[in-house]
Amino acid sequence: MANSLPTEFDVIVMGTGLPESILAAACSRSGQRVLHLDSRSYYGGNWASFSFPGLLSWLKEHRQNSDTVEESPAAWQDMIHETEEAIPLCKKDETIQHAEVFCYASQGMDGNIEELDALQKNPSCVASSTLIKPLDSTSLSEETHSSHITSYEVPTQDNNVDNNPKNNEEITDTAETSVKEEYCGYDTYKHTLSDGTKDEIKPVLENNSVPPKRKRIAYSQIVKEGRRFNIDLSSKLLYSQGLLIDLLIKSNVSRYAEFKNVTRILAFREGKVEQVPCSRADVFNSKELTMVEKRMLMKFLTFCLDYEQHPEEYQAFTQCSFSEYLKTKKLTPSLQHFILHSIAMMSESSCTTVDGLKATKNFLQCLGRFGNTPFLFPLYGQGEIPQCFCRMCAVFGGIYCLRHKVQCLVVDRESGRCKAIIDHLGQRINAKYFIVEDSYLSEETCSSVQYKQISRAVLITDQSVLKTDSDQQISILIVPPVEPGAHAVRIIELCSSTMTCMKDTYLVHLTCSSSKTAREDLESVVKKLFTPYSETEVDKEELPKPGLLWALYFNMRDSSGVSRSSYNGLPPNVYVCTGPDCGLGSEHAVKQAETLFHEIFPSEEFCPPPPNPEDIFFDGDEKPSEPLGTSNIVMAKLESSEGSKNLESSGKHLQN
């Protein structure tokens, strides 16, 4: 397919992150000829989700990407004409740094010993600034010291990154069989978006009268059931009244995915994790608040819903921080903490009064649309969302190529506009508009750019941070900074019913703005909430903290605040999309995609609703008779009618 690509397109998109995928879908939906390329072997870029072996392969790929010098493919210099010039693109992905992997679980005696040896040998650098280090004796006592450091190597013969196996159509049956054999004959669980046969997950929580018994979990079990994991590189949630939910419903892309409501908002105060009451019923059922506090909280939240109508209540405090404003409202310290960190989800120093009131109002407006909290999480991970938009693009004629590198952009000297790309096969492909993910740009183009960084940690634990009768809870927790000037840490805890981890484990994501390396920023919070796992501790009946089985720390580039003028020498018809930001939602990606689309096609509607199937007919078919004033939509070509059938038969929608 890649060797015989057409040479003329309207739009070429490089990168399959969320903003690029939304743009590709919008362009294809408006009738443009779209070519969507990615140099990676998986969809999503830094928005992707991986199985456990896929994540280890991803780390290995980053190490090899840094350690090896890439051989020059077909020379593109000879393809540049005298009236043209070339802008070389970056050959390596340098958006991930300082990755460190730790295993606290025992190997286990019932697993495949050769498999474990392959996973745990040769601990070495993941990238030039990416390390796998032994556990410091100063950070852990001898009793809780882990005996092994997990290498990221996977017992497979090839180095291809295994993204969500259900959606990577390029994996052959042979490869699937070999993976099953290597993972102890384990029958891997697959989920296909298009077949409409996946199990429906009901939002009703299971109430267990007896708390589940704590089980001993070995590393061999994690490896064996690695396909049950779907681990997000970028940890986010969807606001139920947010821009992304509105776009998913408007464009009908929501039919390609399933979602689960976040069940709990938690707070960390005085060394304890507590549940925050959100709805009116939660407030009055809460045992943590006195009756006076309940009335005070309801009164303040009612004011926040229409605070713009009462400017006299806050105008004198517009220059103050939100935390100072809360102190003037005669709220108790516990209520101030709940509102600031768990409802507004802001930090004490950087949040103004108006920003805090606006965030609180947004939180309250999102309540009740799909559940008791304002947030939704996509089953199988955040990596589903970019793939949903990619599928919409493909349905309307977009062409996709993974593992397809672009060597340079070809620019016309006279007009200054980009006219083509040259790929790694030496093929020249022309287009009118070019959309490029930030990581594809070379150091020379980005020499004036100042990037921020995001600190991330991914943990596999054996219990929830706040135990309840149900073990199927999805929680969000904000841990406020201890030192002035430090950043709050956002924690999202996922249970097995989200299809992101195996049974009897939890997948925990930690995120904050970077000030140091990810481990230095986040390890103190990990120590507060979790205990490194060991067999001797599991024998105890009650443990104060969940056991930490496995941990990954890494820093990710945050290019969300970079303006177009910061890039050097970009042609006017080349548009740059940024990677994930540090925010909880994906509002920035949606806004960016819509803004760029209207810059390119100002007269077109952004992701309009799909046509009614009754209004679609094929070339050669006779047009049905229609009343005056109505029109039908002509679809020049559809690869098959299977796509529309899948649209009608896929899983549950967002709408109630």
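Computed from a predicted structure; not experimentally measured.

Engineer: I keep staring at the overall build of the chain and nothing clicks. Help me out?
Structural biologist: If you tally the helices and strands in the chain, you get 16 helices and 25 strands. Relative to its full complement of 656 residues, the chain shows a buried share of 56%. Carbon and sulfur atoms make up 49% of the accessible area of the chain, which totals about 29000 Å².

Engineer: Explain the sheet that holds strand 12 (residues 399-401) to me, please; I cannot follow it from the model alone.
Structural biologist: Across a sheet, paired strands are connected by hydrogen bonds in the backbone, their directions being either parallel or antiparallel. With parallel pairing, the 5 strands of this open sheet are ordered in space as 12-2-1-16-23. In this open sheet, the two edge strands, each paired with only one partner strand, are strand 12 and strand 23 (574-577). Strand after strand, the sheet turns through a mean of 15 degrees between neighbouring axes, direction not considered. Two strands pair when backbone bridges link them, and strand 16 (residues 433-437) and strand 23 are joined in this way by 4 bridges, in the parallel orientation. Following the sheet pairing, Phe-434 is matched in strand 23 by Val-574. On top of the sheet, helix 12 (residues 384-395) reaches strand 2 (34-37) and strand 12; it is set at about 130 degrees to strand 12, its chief contact.

Engineer: Would you take a moment to explain the packing of helix 6 (residues 243-251) against helix 12 for this structure?
Structural biologist: Any two packed helices are characterised by the angle at which their axes cross and by the distance between the axes. Taken N-terminus to C-terminus, the directions of helix 6 and helix 12 make an angle of 30 degrees; their axes are 12 Å apart at the nearest point. With respect to their mutual orientation, helix 6 and helix 12 come out roughly parallel. Here the hand of the crossing between helix 6 and helix 12 comes out left-handed. Residues Leu-244, Leu-247, Leu-248 and Ser-251 of helix 6 lie in contact with helix 12, whose contacting residues are Ile-385, Phe-389 and Met-392.

Engineer: What exactly am I supposed to notice about the pairing of strand 1 (residues 11-14) here?
Structural biologist: Successive residues of a regular strand alternate their side chains across the two faces of the sheet. By the alternation rule, side chains of strand 1 split into Val-11 and Val-13 and Ile-12 and Met-14, which are all buried. Bridging between strand 1 and strand 2 involves 4 bridges; their strand directions are parallel. Within strand 2, the residue paired with Met-14 across the bridge is Leu-37. Here strand 1 runs beside strand 16; their pairing, made up of 4 bridges, is parallel. Residue pairing in the sheet places Val-11 in a bridge with Tyr-433 of strand 16.

Engineer: Hey, could you run me through the pattern of salt bridges in this one?
Structural biologist: Tallying each qualifying case throughout the model produces 19 salt bridges. Ionic pairing is found between Lys-432 and Asp-10, a salt bridge with its closest N-O pair at 3.5 Å. In this pair, Lys-432 is assigned in the loop between strand 15 (428-430) and strand 16 and Asp-10 in the segment before strand 1, connecting sequence segments 422 residues apart. Overall, Asp-10 belongs to the buried group, its relative accessible area being 7%. A salt bridge links Arg-40 to Asp-38, with the shortest nitrogen-to-oxygen separation between them at 3.4 Å. A relative accessible area of 0% means that Asp-38 is categorised as buried. The structure contains a network of salt bridges with shared partners spanning Asp-38, Arg-40, Asp-93 and Glu-437.

Engineer: How should the sheet that holds strand 11 (residues 375-378) be read in this particular structure?
Structural biologist: Read from one edge to the other, the open sheet built from 3 strands follows the order 7-11-8, with strand pairing classed as antiparallel. Strands with a single pairing partner mark the edges of an open sheet, and in this sheet they are strand 7 (238-239) and strand 8 (259-261). Sheet topology note: the strand 7/strand 11 ladder contains 2 bridges and is antiparallel. Bridging from a neighbouring strand, Leu-238 pairs with Leu-376 of strand 11.

Engineer: When you look at the nonpolar core in this model, what are you seeing that I'm missing?
Structural biologist: When a protein is soluble and globular, its nonpolar side chains tend to lie buried together. Phe-52, Phe-300, Phe-322, Phe-375, Leu-510 and Trp-550 are the most contacted members of the largest nonpolar core, which totals 102 residues. If you tally residues by element for this core, the top one is strand 22 (residues 547-558), at 8 residues. Formed by 44 residues, the second largest nonpolar core is a distinct cluster that contains Val-253, Tyr-433, Leu-596 and Phe-601.

Engineer: When you look at the environment of Arg-490 in this model, what are you seeing that I'm missing?
Structural biologist: Structurally, Arg-490 is set in strand 19 (residues 489-494). Residue classification places Arg-490 among the buried positions, given a relative accessible area of 10%. Sequence separation between Arg-490 and Leu-584 is 94 residues; the distance between their C-alpha atoms is 8.3 Å. The contact partners of Arg-490, leaving out residues within four places of it in the chain, are Ser-235, Ile-476, Leu-477, Ile-478, His-509, Leu-510, Thr-511, Cys-582, Gly-583 and Leu-584. Looking at Arg-490, its side chain comes within polar contact range of the main-chain oxygen of Cys-582, at 2.9 Å.

Engineer: When you look at helix 12 in this model, what are you seeing that I'm missing?
Structural biologist: Because an α-helix completes one turn every 3.6 residues, residues spaced three or four positions apart along the sequence face the same direction. Given a rise of 1.5 Å per residue, 12 residues ought to cover 16 Å, and the 16 Å separating the end C-alpha atoms of helix 12 matches this to within 8%. Of the positions making up helix 12, those classed as buried are Glu-384, Ile-385, Pro-386, Gln-387, Cys-388, Phe-389, Cys-390, Arg-391, Met-392 and Cys-393. Remark: Gly-397 follows helix 12 within two positions and exhibits a positive phi of approximately 105 degrees.

Engineer: How should the packing of aromatic side chains be read in this particular structure?
Structural biologist: Geometry of an aromatic ring pair is reported as the spacing of the ring centres plus the angle between the planes. One pass over the structure, following the stated rule, counts 17 aromatic pairs. Ring-pair connections join several aromatic residues into one group, and the members of that group are Tyr-42, Phe-50, Trp-58 and Phe-554. The positively charged end of Arg-557 is found above the aromatic ring belonging to Tyr-451, 4.2 Å away from the centroid. A cation sits over an aromatic face here: Arg-564 above Tyr-575, 5.8 Å from the ring centre.

Engineer: How should the pairing of strand 2 be read in this particular structure?
Structural biologist: Judged by which residues are buried, strand 2 turns out to be covered on both faces: Val-34 and His-36 on one side and Leu-35 and Leu-37 on the other are all buried. One crossover worth recording links strand 1 to the parallel strand 2 by way of helix 1 (residues 18-29), and it is right-handed. Where strand 2 lies against strand 12, 3 bridges are found, and the strand directions are parallel. The partner of His-36 across the bridge, within strand 12, is Tyr-400.

Cut-offs applied
- Residues numbered from 1 in each chain as written.
- Predicted model: local features only at pLDDT ≥ 70, side-chain atom pairs only at ≥ 80, totals over all residues.
- Heavy atoms only, no water.
- Helix = DSSP H or I, 4+ residues; strand = E, 2+ residues; numbered from the N terminus.
- Buried < 20%, exposed > 50% of the residue type's maximum accessible area, 1.4 Å probe, protein only.
- Areas by Shrake-Rupley, 256 points an atom, 1.4 Å probe, with all protein chains shown as cover.
- Pairing = 2+ DSSP bridges.
- Axes fitted to C-alpha atoms, helices over the stretch in contact; angles between N-to-C directions.
- Contact = heavy atoms within 4.5 Å.
- Parallel < 35°, antiparallel > 145°, perpendicular 65-115°, else oblique.
- Left-handed = near helix turned anticlockwise from the far one by under 90°.
- Salt bridge = Lys/Arg side-chain N within 4 Å of Asp/Glu carboxyl O.
- Core = buried A, V, L, I, M, F, W, Y, C linked by side-chain atoms within 4.5 Å.
- Polar contact = N/O pair within 3.5 Å; in protein donor to acceptor, adjacent residues only side chain to side chain.
- Expected span 1.5 Å × (residues − 1).
- Phe/Tyr/Trp six-rings, centres within 6.5 Å; stacked < 30°, edge-to-face > 60°.
- Lys NZ or Arg CZ within 6 Å of the ring centre and 35° of its normal.
- Right-handed = clockwise from strand over helix to strand, strands pointing away.

All quantities given are derived from atomic positions and should not be read as evidence of function.
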